[in-house]
Structures are given as structure tokens and as C-alpha cells.
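# Structural features, examined
If you want the building blocks of each chain, they are given just below.
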Amino acid sequence: CSTAEIANFLWFASIARWRHEGALEALGQRILDPRVIDNCTPKLASRILATYTSILSLPKNIAGTPSANDDFPRGLTSQLFHSYGGHLLTSKLSPAEVSSALHAYAKASYFHDMGIFDHLVSMM
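Reading the values: the criteria
- Residues numbered from 1 in each chain as written.
- Predicted model: local features only at pLDDT ≥ 70, side-chain atom pairs only at ≥ 80, totals over all residues.
- Heavy atoms only, no water.
- Axes fitted to C-alpha atoms, helices over the stretch in contact; angles between N-to-C directions.
- Helix = DSSP H or I, 4+ residues; strand = E, 2+ residues; numbered from the N terminus.
- Parallel < 35°, antiparallel > 145°, perpendicular 65-115°, else oblique.
- Left-handed = near helix turned anticlockwise from the far one by under 90°.
- Contact = heavy atoms within 4.5 Å.
- Nonpolar A, V, L, I, M, F, W, Y, C, P; charged D, E, K, R; others polar.
- Patch = residues over 30% accessible without salt bridge, like charges linked within 9 Å, V, L, I, M, F, W, Y side chains within 5 Å.
- Areas by Shrake-Rupley, 256 points an atom, 1.4 Å probe, with all protein chains shown as cover.
- Salt bridge = Lys/Arg side-chain N within 4 Å of Asp/Glu carboxyl O.
- Phe/Tyr/Trp six-rings, centres within 6.5 Å; stacked < 30°, edge-to-face > 60°.
- Buried < 20%, exposed > 50% of the residue type's maximum accessible area, 1.4 Å probe, protein only.
- 1 Å grid on protein atoms, 1.4 Å probe; cavity = no way out; pocket = protein on both sides within 12 Å on 5 of 7 lines; lining within 4 Å.
- Points joined across faces, edges and corners; volume = space filled by probe spheres on them.

## Focus: the packing of helix H2 (residues 21–31) against helix H4 (residues 42–56)
Their axes nearest at 12 Å, the elements H2 and H4 cross at an angle of 160 degrees. With respect to each other, H2 and H4 are oriented roughly antiparallel. For the pair H2 and H4, the sense of crossing is left-handed. Residue-level inspection shows Leu-24, Gly-28 and Ile-31 of H2 in contact with H4, the latter providing Ile-48, Tyr-52, Ile-55 and Leu-56. Looking at the contact of H2 with H4 residue by residue, the classes come out as six nonpolar, one polar and no charged.

Pasting the structure below:
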């Protein structure tokens, strides 16, 4: 899958309010592939972080599928923000994309790269 296809699937899952632990874990591992990260645009990075965080905020095991690893969301989310956050250090984001990324950072309580958060705030 390409970065855009993964981002679009995550967007669909968030709109449909569909959370499947196994699928989230597999998608999360796939989007941490360095080739996927390197081919990401700022717009897709914003979409990935926003939709992944949105899905994680849905009630756990909404589909009745227990996760094999209950700690995966925290560690994987942290890795995603670390890997994709640098793509947001640009002025090429629309106000909606900036807002989505800021919401994702706040919702995920990700505070390790506050420079990125500060950059996004300055773009508002």
C-alpha cells in the first residue's frame, strides 16, 4: 500500500467510527516503514496523525476484537508522532490541516516534540 492509500483508509475508518485492534496494529507497523515515511507529504502526515488518533479515541474493542498487546496504542502512537511530526515543519499546510494536526497532538497528549506543536500554533 502507498502512503496515500493508508492515509485514505485511516480516514475512512475514522469517519465510519471503526476500530479494530489487529488492523490498527498492522497499519501502524506498516506506516512506520521508512519507505512509507520518506514518501509522505505534509498533508498526508497531518491526515495520518489526525485519523489514527481519532480512531484510538473511539471506545476500545468497539468491534469486540481484543488486542493481543494492550500497550500497543501508546507506544505505536508515540512512534508515529516521532516519525511523521517532522513532515509538519513546513508552511505548506492549509489551516484545516494545521488544525487537524494540532488536535491530534493534543488528543494524543504527545509532548515529546513540542517544537513541532509550537510551529503549528504559529501557523494558525
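## Looking at a nonpolar patch on the surface
A cluster of nonpolar residues, Phe-9, Trp-11, Phe-12, Ile-15 and Trp-18, forms a patch on the protein surface that exposes about 520 Å² of accessible area. Turning to its location among the elements, Phe-12 is positioned in helix H1 (residues 3–15).

## Some words on the packing of aromatic side chains
Scanning the model with the defined rule gives two aromatic pairs in all. Centre to centre, the rings of Phe-9 and Trp-18 are 6.0 Å apart; their planes meet at 85 degrees, and the pair counts as edge-to-face. Relative to Tyr-105, the ring of Phe-81 lies with its centre 4.7 Å away and its plane at 80 degrees, an arrangement referred to as edge-to-face. Residue Phe-81 is located in helix H5 (residues 72–84), and its partner Tyr-105 is located in helix H6 (residues 95–108); the two are separated by 24 residues in the primary sequence. Overall, the relative accessible area of 1% leaves Phe-81 in the buried class.

## What about empty space enclosed by the protein?
Under the criterion given, the structure shown has one cavity of 30 Å³ or more. In this structure, the largest cavity occupies an estimated 40 Å³ of space. Surrounding the largest cavity, Phe-9, Leu-10, Ala-13, Trp-18, Arg-19, His-20, Ala-23, Leu-24, Leu-27 and Ile-55 form its lining. Elements with a minimum of two residues in the lining of the largest cavity: H1 and H2.

## Here's the deal with the layout of surface pockets
Here the second largest pocket is characterised by a volume of approximately 230 Å³. What lines the second largest pocket is Trp-11, Ile-15, Lys-43, Leu-44, Ser-46, Arg-47, Ala-50, Thr-51, Ala-96, Glu-97 and Ser-100. Secondary-structure elements contributing two or more residues to the lining of the second largest pocket are H1, H4 and H6. Top element by residues in the lining of the second largest pocket is H4. It accounts for six residues. Across the lining of the second largest pocket, the residue classes tally to five nonpolar, three polar and three charged.

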